[in-house]
Amino acid sequence: MFFENVLKDVPNELSKEVFKAKSALEKNFNDSQVKRNFIEITWELYRYLLENIDENYEVEKRLFLRYGLLEPRYLNSRDFERIKSIPFVDDKENIFYVDEWLLAVKKGLVNESSFMEVIESRKNVAPKNVASFEMAFNEKLEERKFIERQLREIVKGIEDEGKPYRKSILSLIDQAIEKLKKLKLVNKEVEIIFEQLNKLKEESQINEKTEDNFSKKIMEHEVIIQMINKSIGRLGNRFLVLTSIFLNGINAIGSKDLIESKLNEFEKIDYKIFERKIRGTSIKLKPYFIIVPGYGDYGFCWEPFEGLNVISGRGRVVIPMFPKNIDVAILSALGDYRLKAAKELAFGRWMEEGLTGEIYNYLMDNKIRERIDEFFVKRYILWILKESNGVQKLEKEIREIFWRYVEFPEEIKAKLSNISYIYSNLYEKDKRRKKNWENL
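Remember, it's a predicted structure, so these values are computed and weren't measured experimentally.

Calculation criteria
Residues numbered from 1 in each chain as written. Predicted model: local features only at pLDDT ≥ 70, side-chain atom pairs only at ≥ 80, totals over all residues. Heavy atoms only, no water. Helix = DSSP H or I, 4+ residues; strand = E, 2+ residues; numbered from the N terminus. Buried < 20%, exposed > 50% of the residue type's maximum accessible area, 1.4 Å probe, protein only. Contact = heavy atoms within 4.5 Å. Areas by Shrake-Rupley, 256 points an atom, 1.4 Å probe, with all protein chains shown as cover. Lys, Arg positive; Asp, Glu negative; His and termini not counted. Charge placed at Lys NZ, Arg CZ, Asp CG, Glu CD. Domains from an automatic or database assignment. Pairing = 2+ DSSP bridges. Axes fitted to C-alpha atoms, helices over the stretch in contact; angles between N-to-C directions. pLDDT = per-residue confidence, 0-100. Expected span 1.5 Å × (residues − 1). Polar contact = N/O pair within 3.5 Å; in protein donor to acceptor, adjacent residues only side chain to side chain. Arc of directions from axis to C-beta. Left-handed = near helix turned anticlockwise from the far one by under 90°. Nonpolar A, V, L, I, M, F, W, Y, C, P; charged D, E, K, R; others polar.

## Some remarks on the overall build of the protein
(1) Moving on: Across its full length, the protein holds 17 helices and 6 strands.
(2) Moving on: When its C-alpha atoms are laid out on the principal axes, the protein stretches across 95 × 55 × 45 Å.
(3) Moving on: Considering the protein as a whole, with its 440 residues, one finds that 49% of them fall into the buried category.
(4) Moving on: Look at the contacts in the protein between residues 6 or more apart in sequence, and 71% of them connect residues 24 or more apart.
(5) Moving on: Accessible surface, the protein: about 23,400 Å² in total, of which carbon and sulfur atoms supply 51%.
(6) Moving on: Each charge class in the protein was averaged separately, 77 positive and 74 negative side chains, and the resulting centres sit 4 Å apart.

## A closer look at the domain arrangement of the protein
(1) Moving on: Per the domain assignment, the segments of the protein are domain 1 (130-207) and domain 2 (347-439).
(2) Moving on: Between domain 1 and domain 2, the C-alpha centre-to-centre distance is 33 Å.

## Re the pairing of strand 2 (residues 275-278)
(1) Moving on: Every second residue of strand 2 is oriented toward a common face, the buried set being Arg-276 and Ile-278 and the non-buried set Glu-275 and Lys-277.
(2) Moving on: Bridging between strand 2 and strand 3 (residues 281-284) involves 4 bridges; their strand directions are antiparallel. Counted as the bridge partner of Ile-278 is Thr-281 from strand 3.

## Comments concerning the sheet that holds strand 1 (residues 95-97)
(1) Moving on: Pairing in this open sheet of 4 strands is mixed, and the strands run 1-4-6-5 from one edge to the other. With partners counted over all chains shown, the strands left at the sheet margins are strand 1 and strand 5 (300-303), one partner each. Neighbour-to-neighbour, the strand axes of this sheet turn through a mean angle of 30°, independent of strand direction.
(2) Moving on: Direction of pairing for strand 1 relative to strand 4 (residues 288-292): parallel, over a ladder of 3 bridges. Among the inter-strand pairings, Ile-95 is bridged to a residue of strand 4, identified as Phe-289.
(3) Moving on: Those strands touched by helix 11 (residues 256-267) are strand 1, strand 4 and strand 6 (316-320), and its axis lies near 150° from that of strand 1.

## Notes on the side chain of His-221
(1) Moving on: Looking at the secondary structure, you find His-221 in helix 9 (residues 220-232).
(2) Moving on: Setting aside chain neighbours within four positions, we find His-221 in contact with Arg-47, Leu-50, Glu-51 and Leu-102.

## Let's talk about the environment of Phe-322
(1) Moving on: In this structure, Phe-322 sits in the loop between strand 6 and helix 12 (326-345).
(2) Moving on: Phe-322 sits 76 residues away from Phe-246 along the chain, and the two C-alpha atoms are 9.1 Å apart.
(3) Moving on: The contacts of Phe-322, once residues within four sequence positions are left out, are Tyr-67, Ile-83, Leu-242, Leu-247, Ile-250, Ile-253, Gly-294, Tyr-295 and Gly-296.

## Some points on the confidence of the model for the protein
(1) Moving on: Per-residue confidence for the protein averages 88 on the pLDDT scale, and 90% of its residues sit at or above 70.
(2) Moving on: The low-confidence segment residues 116-122, where pLDDT is below 50, has 15 contacts with residues more than four positions distant or belonging to other chains.
(3) Moving on: The low-confidence segment residues 209-216 (pLDDT under 50) makes 9 contacts with residues lying over four places distant or belonging to another chain.

## Some details on helix 3 (residues 32-51)
(1) Moving on: Between its terminal C-alpha atoms helix 3 stretches 29 Å, which fits the 28 Å expected from 20 residues at 1.5 Å a residue.
(2) Moving on: Along helix 3, the residues classified as buried are Val-34, Phe-38, Ile-39, Ile-41, Thr-42, Trp-43, Leu-45, Tyr-46, Leu-49 and Leu-50.
(3) Moving on: Tucked into the core, helix 3 has its buried residues touching helix 1 (2-7), helix 2 (12-27), helix 4 (59-67), helix 6 (98-107) and helix 9.
(4) Moving on: Backbone nitrogen of Gln-33 and a side-chain oxygen of the N-cap are separated by 3.0 Å at the start of helix 3; the cap is Asp-31.

## What about helix 5 (residues 77-84)?
One turn of the α-helix equals 3.6 residues, which is why residues spaced by three or four share an orientation.
(1) Moving on: For helix 5, the complete set of buried residues consists of Asp-79, Arg-82 and Ile-83. Down the axis of helix 5, the buried side of the element spans an arc of 95°, and every buried residue falls inside it. Residues of helix 5 that are exposed and angled more than 90 degrees away from the buried face: Ser-77 and Lys-84.
(2) Moving on: Tucked into the core, helix 5 has its buried residues touching helix 4 and helix 10 (244-247).
(3) Moving on: Its side-chain oxygen at 3.2 Å from the backbone nitrogen of Arg-78, Asn-76 defines the N-terminal cap of helix 5.

## A look at the packing of helix 2 against helix 3
(1) Moving on: Their axes nearest at 9 Å, the elements helix 2 and helix 3 cross at an angle of 145°. Crossing of helix 2 against helix 3: the hand is left-handed. Listed contacts from helix 3 to Leu-14, Glu-17, Val-18, Ala-21, Lys-22, Ala-24 and Leu-25 of helix 2 are Val-34, Lys-35, Asn-37, Phe-38, Ile-41, Glu-44, Leu-45 and Tyr-48.
(2) Moving on: Considered class by class, the residues forming the contact of helix 2 with helix 3 number 10 nonpolar, 1 polar and 4 charged.

Next up, the structure:
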């Protein structure tokens with residue numbers, strides 16, 4: 001019944017073609033022409049179901065879109081249990097399966113992604129973008145409250161003893177002055193985020209009034225097709241349907257829980273990757289992660305921001321569900337996101353300054369013909385997996401660039417400085433730069 005429910009309400013001609021191709025494949029899997037026919041017709045079915053997705057879709061249709069699961073018999077008992085153990089409903093604010101993403105776009109909860117040229121009539125603000133700024137605003141309020149509590153505790157210790165203050169009291173006064181400076185700075189950040197949040201809410205309300213009858217054709221299904229193809233690669237395995245034959249050697253399936261856990265793990269190393277600057281104030285604004293089916297090995301960034309909206313626009317990052325190495329798949333996506341975001345934020349000067357400028361000039365100076373994104377992503381993976389643990393894999397100049405622009409948190413830097421002179425030297429340069437900056 002599973003396969004039949006996938007085909008339910010599918011146009012009769014397409015349904016017949018799928019059934020015919022499936023029967024032929026099951027009789028002779030090793031026939032290359034039969035296999036090609038099956039691949040092409042299942043892609044056609046997939047495109048049709050993507051384009052016409054509806055909240056009332058049968059679960060079987062959703063599972064085909066999500067995993068490529070067309071026929072459970074194609075999985076052995078171990079692989080079937082692996083898929084079965086993944087929760088069907090698992091709401092995460094910024095991680096989506098393909099079917100969930102398309103429904104969110106159709107409902108207007110998230111904006112469409114850029115497809116070829118920027119889509120006309122694209123909404124300026126989506127509810128989830130506003131929600132992210134509300135989260136950042138609330139976090140900043142909590143930071144301010146924490147400083148207020150600290151300040152009150154310090155002031156409690158300042159008592160009038162009828163004589164000049166003791167050194168310990170003077171020390172408390174100095175601490176109070178520093179906390180007041182910090183409180184004023186954080187309050188300025190609260191003001192900036194509050195102002196941006198109100199602006200986003202106003203834009204969102206305008207969109208709701210003017211686009212209630214939003215009826216233009218949604219092209220997001222074509223974006224998804226392109227995402228899957230890109231994750232597979234030109235020479236990759238285009239067999240879309242889930243089968244244990246191609247799951248051999250794949251130890252980790254890219255479920256939401258696993259992706260979230262890995263992202264949190266890597267963010268502790270590259271702790272500024274999702275940082276966004278708004279008039280000098282830093283907030284964390286994560287992109288949307290879309291998990292696509294198929295046997296792709298590398299993730300990538302589809303777009304670092306929504307169009308030209310570098311303030312509140314959230315990017316789209318694609319991660320394949322069945323890669324040979326889940327760490328490499330996720331880190332390739334994060335590395336691509338980091339480079340593209342830096343490139344966009346350089347506003348046309350990406351070959352001259354910052355992270356992208358340094359990498360570009362290194363390639364030029366050393367006559368390296370490799371594409372900058374491919375070069376960077378390979379080294380980003382080594383930076384996170386190897387160099388963060390003191391295993392030196394990068395070129396000296398590249399290590400210095402990464403140390404400055406893809407910096408580790410203080411505790412990792414301090415640990416590395418005790419492992420090798422190379423890291424110790426970089427750490428000392430850090431301290432000198434910081435001291436010089438403070439003396440300006």
